[in-house]
Amino acid sequence: MYGIADLDNCYVSCERLFRPDLEGVPCVVLSNNDGCVVARSNEAKALGIKAGVPYYQLAELFPDTKIAVFSSNYELYGELTSRVVSIIRQEVPAYFRYSIDECFLYLDGMEQIDLKLWGEQLHKKVRQYVGMPISIGLAPNKTLAKMASHFAKKYQGYRHCCMIDTDERRQKALKLYPIEDVWGIGRRYAARLQSMGVKTAYDFASHHGDWVKATFYNINIMRTWQELNGLDVVPNEELAKKKSICTSRSFSGMIADLPTLRTHVANYASRCAEKLRAQGTVAAIVGVFLHTNAFREDLAQYWNFQETRLVTPSSSTITIVEAATDVLRRIYRPGYQYKKAGVIVMGIGPDSPIQQDLFDINAEQFQKLRRLDAVVDRINRMQGSETIVLGAQQYTRRDGRGKADVFANAIKHDFRSKNPTTRWTDIIKLK
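Residues numbered from 1 in each chain as written. Predicted model: local features only at pLDDT ≥ 70, side-chain atom pairs only at ≥ 80, totals over all residues. Heavy atoms only, no water.

Side note on the packing of helix H10 (residues 209-216) against helix H11 (residues 219-228)
Remark: H10 packs on H11, axes separated minimally by 9 Å, with the N-to-C direction vectors making an angle of 160 degrees. By the criterion of interaxial angle, the relationship of H10 to H11 is roughly antiparallel. Remark: the crossing between H10 and H11 carries right-handed chirality. Taken together, the residues of H11 that come into contact with H10 (itself represented by Gly 209, Val 212, Lys 213 and Phe 216) are Ile 221, Met 222 and Trp 225. (Axes fitted to C-alpha atoms, helices over the stretch in contact; angles between N-to-C directions. Helix = DSSP H or I, 4+ residues; strand = E, 2+ residues; numbered from the N terminus. Parallel < 35°, antiparallel > 145°, perpendicular 65-115°, else oblique. Left-handed = near helix turned anticlockwise from the far one by under 90°. Contact = heavy atoms within 4.5 Å.)

Re the pairing of strand S10 (residues 281-292)
Summarising burial for S10: eleven of the twelve residues are buried, a large majority. Relative to strand S12 (residues 338-346), S10 is paired through eight bridges, and the arrangement is antiparallel. Residue pairing across strands places His 291 opposite Lys 340, the latter belonging to S12. (Buried < 20%, exposed > 50% of the residue type's maximum accessible area, 1.4 Å probe, protein only. Pairing = 2+ DSSP bridges.)

Details of the pairing of strand S5 (residues 94-99)
Relative to strand S6 (residues 102-106), S5 runs antiparallel, the two being bridged by five bridges. Along S6, the bridge assignment pairs Arg 97 with Cys 103. In this antiparallel pair of consecutive strands, S5 and S6, the connection spans two residues.

Quick look at the nonpolar core
By size, the foremost hydrophobic cluster in this structure holds 36 residues, and its most contacted members are Val 84, Ile 88, Leu 105, Leu 107, Trp 118, Ile 134 and Leu 138. Among the elements that take part in this core, helix H4 (residues 74-91) stands out by supplying seven residues, more than any other. Those residues in contact with Ile 134 that lie beyond four places of it in its chain are Ala 5, Asp 6, Leu 7, Asp 8, Val 84, Ile 88, His 123, Val 126 and His 160. Core analysis: the second largest hydrophobic core is formed by 34 residues, Tyr 106, Ala 152, Val 182 and Trp 225 among them. (Core = buried A, V, L, I, M, F, W, Y, C linked by side-chain atoms within 4.5 Å.)

Focus: the sheet that holds S6
With respect to topology, five strands assemble into an open sheet ordered S5-S6-S1-S7-S8, the strand pairing being mixed. Across the chains shown, the open sheet's two edge strands, defined by having one partner strand only, are S5 and strand S8 (161-163). Each neighbouring strand pair of the sheet contributes to a mean axis angle of 20 degrees, computed without reference to strand direction. Relative to strand S7 (residues 134-139), strand S1 (residues 2-7) runs antiparallel, the two sharing six bridges. Counted as the bridge partner of Leu 7 is Ile 134 from S7. Strands S6, S7 and S8 of the sheet are contacted by helix H5 (residues 115-129), whose axis makes an angle of about 160 degrees with S7.

Observations concerning H11
Extensive coverage of H11 is indicated by the burial of seven of its ten residues. Taken residue by residue, H11 has Ile 221, Met 222, Arg 223, Thr 224, Trp 225, Glu 227 and Leu 228 as its buried positions. Two to three positions downstream of the cap, the backbone nitrogen of Asn 220 sits 2.8 Å from a side-chain oxygen, assigning the N-cap of H11 to Asn 218. Positive backbone phi, at 100 degrees, marks Gly 230, one or two positions downstream of H11. (Polar contact = N/O pair within 3.5 Å; in protein donor to acceptor, adjacent residues only side chain to side chain.)

Observations regarding the environment of Ile 344
Within the secondary structure layout, Ile 344 lies in strand S12. Looking at Ile 344, the relative accessible area reads 18%, which means it is buried. C-alpha of Ile 344 to C-alpha of Tyr 129: the two residues are 215 residues apart in sequence and 37 Å apart in space. Those residues in contact with Ile 344 that sit more than four places away from it in its chain are Ser 244, Ile 245, Cys 246, Ile 285, Val 286, Gly 287, Phe 289 and Phe 305.

Some details on the state of the cysteines
In the structure shown here, the tally under the stated rule is zero disulfides. Looking at Cys 10, it has no disulfide partner, and the nearest cysteine sulfur is the one in Cys 14, 4.3 Å off. (Disulfide = S-S within 2.5 Å.)

So, empty space enclosed by the protein
For the coordinates displayed, the defined rule picks out one cavity of 30 Å³ or more. Taken as a whole, the largest cavity spans an internal volume of roughly 60 Å³. Lining the largest cavity are 14 residues, with Leu 7, Val 84, Val 85, Asp 101 and Cys 103 sitting closest to its centre. Secondary structure elements with two or more residues in the lining of the largest cavity: S1, H4, S5 and S6. (1 Å grid on protein atoms, 1.4 Å probe; cavity = no way out; pocket = protein on both sides within 12 Å on 5 of 7 lines; lining within 4 Å. Points joined across faces, edges and corners; volume = space filled by probe spheres on them.)

Points about the packing of aromatic side chains
Centre distance and the angle of the planes are the two values used to describe a pair of aromatic rings. With the rule as written, the count across this model stands at 17 aromatic pairs. Clustering of aromatic rings is evident, with ring pairs tying together Phe 151, Tyr 155, Tyr 158 and Tyr 177. The ring of Tyr 202 carries Lys 175 above its face, with NZ or CZ at 4.9 Å from the centroid. (Phe/Tyr/Trp six-rings, centres within 6.5 Å; stacked < 30°, edge-to-face > 60°. Lys NZ or Arg CZ within 6 Å of the ring centre and 35° of its normal.)

Interpretation note: all reported values are geometric properties and have no functional meaning in isolation.
Now the structure itself:
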């Protein structure tokens, strides 16, 4: 049996944890630079607030409604969800963290216990220890487990845990599940299936396997069809496999000068390096893309992407930042107003053993950078993210008198909450 533990309205639940006064109040969390809605409470969904609606339209669409608005605070979300994962780790033989708010659970050896009751108790434990609501889906394969978690979240009668363990329950669930919500069916494939009269997961699963092969020529679609029919075919290792890592942002305004762009790219490259180290991998290729605002037809347009190969695969912040800024210098063109940039690391492999270049004279330097990154990561974990950063990651702003003000983050987040669990400056004070 497999399970999936899925935090309910994760970002909103994190914000509400320290704001109990917002229970029952419509809440939304915005994207980077406070652009559009990316997370909604159940109350916000009931109002009709759609994911992706621009923030500035909320006041126009809901003029007489109190809506609590938050900027994205990934430091807070990452820390709180890690607490949930630490509880899950104690309860299951093995697990895989699929995203910030989801974990696949491998329940081998737990067949002798009442799994439905176990799932309900796991929900209660997470709620008691962390204060976060979580839903658990249980099934013979991962696709059906994802489906079960949806029902656990939607229907209160399941008491936060739904189990699809018989063929009768499987078929009933398939008939109730829209094809566009099936894990593994993307938006384009869903539209194509709907045009063929396939409206539910049951409609798709009822087709013959030969029809699926002849129509889509896609191994992942075929695996989804097999899992909907009760087989267990999605390999565990494919969930964890990342062929690339990308960090990118749209700027809050337009940027034309290279120094400011270089600082943004340095921050994105640093984040990619942190992600590599967190999963115990290194990258062999560093790429950078840069483009203007395609919606501003009154401005000159430019887009470019280039990459460079590292002599020795690395997860060092200094190495990857240097490579990314070198690529940026190659693709930067003056005279344009840029809207977005990003860093992509590719050629990802395990961090041990690493095949070093025969003529690389910096083997000792390589080990020094590893030790340096380990120390910086430990300090940032204890004192809060970006407590220590590279000089290249800092933005310099000057006031009207020419006085310099150095700060680490230029992303717009006017409604960002504090981080009481990771920063001493934000610790809660009781009167």
